[in-house]
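Structural overview
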Amino acid sequence: MQLTKLIYTSNHGGLTAKALDDLLLKSRANNERDGITGVLIASDEDFMQLLEGGRAVVAECFMRIMKDDRHQSIRVLMAGESGARLFSEWSMCSLDASQVDKGIVSRYWINGTFDPARMSQVAIEDLCRELSAQPRMATI
Ligand SMILES: Cc1cc2nc3c(=O)[nH]c(=O)nc-3n(C[C@H](O)[C@H](O)[C@H](O)COP(=O)(O)O)c2cc1C
């Protein structure tokens, strides 16, 4: 299997905790079935998600995600082959951007704001790697 990673950002404009829980419940069940792992970072307004898995299943998953009206302005930040999974233990790890480690915030947030669309590809990859290496991640 060719391992593929896809990272995108989108805007949700405000989501209740219940809505996020429902989204994660469904996503995790599907991803477990499809062998997809990754992380979903939610800020007050935006999402950034890393999907990692087989090329076909990641593409199919992203097609479904693109049609989802719970978010808009979807922008692919990077897509391509991957050597290894960063979130192999997670059918979809969930992080609240406001609870991310302060050191990570100071290195990657732009003027104190989580703004993945303005981050370089190198920074996005480094951020995902650092988040995957956190011993205990704040989950929502
Ligand atoms: C921000 C966001 C992230 C999502 N992530 C996933 C995901 O990782 N896996 C997944 O199957 N669906 C994900 N979804 C849900 C899909 O858009 C879609 O509702 C779901 O895959 C439909 O599954 P079903 O065909 O089994 O009903 C996500 C939706 C949003 C808005």
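These numbers come from a predicted model, not from an experiment. Along every chain, residues carry numbers that run from 1 in the direction the sequence is written. Under the rules for a predicted model, residues below a pLDDT of 70 receive no local features and side-chain atom pairs below 80 are neither given nor counted, while totals for whole chains, interfaces and linings still include all residues. The basis for every side-chain value is the complete set of heavy atoms in the structure, and neither hydrogens nor water enter the calculation.

1. Thoughts on the nonpolar core
Inclusion rule: Buried Ala, Val, Leu, Ile, Met, Phe, Trp, Tyr and Cys residues form a nonpolar core when they are joined through side-chain atoms within 4.5 Å. Type-normalised accessible area, obtained with a 1.4 Å probe on protein chains alone, sets the label of each residue: buried when under 20%, exposed when over 50%, and partly exposed for intermediate values. Secondary structure elements follow DSSP: runs of H or I of four or more residues count as helices, runs of E of two or more count as strands, with numbering from the N terminus. Residue contacts are counted whenever heavy atoms from the two residues lie within 4.5 Å of one another.
Counting residues in each nonpolar core, the largest one holds 23 residues, and the members touching the most others are Ile-7, Ile-41, Met-48, Trp-109, Leu-127 and Leu-131. Elements that contribute at least two residues to this core include exactly β2 (37–42), β3 (46–54), β4 (72–81), β5 (93–96), α3 (102–108) and α4 (121–132). Considering each element in turn, this core owes the most residues, five residues, to α4. The residues touching Leu-127, leaving out its near neighbours within four places in the chain, are Met-48, Ile-104, Tyr-108, Trp-109, Phe-114 and Met-119. Counting 15 residues, the second largest nonpolar core, distinct from the first, contains Leu-6, Leu-24, Leu-40 and Ala-42.

2. Observations concerning the pairing of β3
Rules: The rule for pairing is simple: two strands pair if DSSP sees at least two bridges between them.
Extensive coverage of β3 is indicated by the burial of nine of its nine residues. The pairing of strand β1 (residues 3–11) with β3 spans nine bridges and is antiparallel. The residue bridging Asn-11 from the neighbouring strand is Asp-46, located in β3. Bridge count for β2 against β3 is six bridges, and the pairing is antiparallel. The partner of Ile-41 across the bridge, within β3, is Met-48. Between β2 and β3, which follow one another and run antiparallel, lie three residues.

3. Quick word on the pattern of salt bridges
Pairing between side chains of opposite charge can happen when the charged atoms of each approach one another. To keep it simple, the criterion reads: Salt bridges, as used here, are contacts in which a Lys or Arg side-chain nitrogen is within 4 Å of a carboxyl oxygen on Asp or Glu.
Per the stated rule, a full pass over the model turns up eight salt bridges. Among the ionic pairs, Asp-34 bridges to Arg-33, the shortest N-O distance being 2.8 Å. With relative accessibility at 19%, the residue Asp-34 sits in the buried group. Residue classification places Arg-33 among the exposed residues on the basis of a relative accessible area of 56%. Note that Arg-64 and Asp-34 form a salt bridge whose closest N and O atoms lie 3.9 Å from each other. Here Asp-34 lies in helix α1 (residues 17–34) and Arg-64 lies in helix α2 (residues 55–66), a separation of 30 residues in the sequence. With relative accessibility at 37%, the residue Arg-64 sits in the partly exposed group. By sharing partners, the salt bridges in this structure join Arg-33, Asp-34 and Arg-64 into a single network.

4. A few points about the packing of aromatic side chains
Each aromatic ring pair is specified by the distance between its two centres and by the angle formed by the two planes. Under the convention used in this document: Only the six-membered ring of Trp is used, alongside the rings of Phe and Tyr, when aromatic pairs are assigned; centres must lie within 6.5 Å, and planes under 30 degrees apart are stacked while those over 60 apart are edge-to-face, with the rest tilted.
Scanning the model with the defined rule gives two aromatic pairs in all. With centroids separated by 5.4 Å and ring planes inclined at 45°, the aromatic side chains of Tyr-8 and Phe-62 adopt a geometry described as tilted. Of this pair, Tyr-8 sits in strand β1 while Phe-62 is found in helix α2, placing the two residues 54 residues apart along the sequence. This pair shows no difference in class: Tyr-8 is buried, exactly as Phe-62 is. Summarising the aromatic geometry, the rings of Trp-109 and Phe-114 are spaced 4.8 Å apart at their centres and angled 40° between planes, so their arrangement reads as tilted. In terms of burial, Trp-109 and Phe-114 fall into one category: buried.

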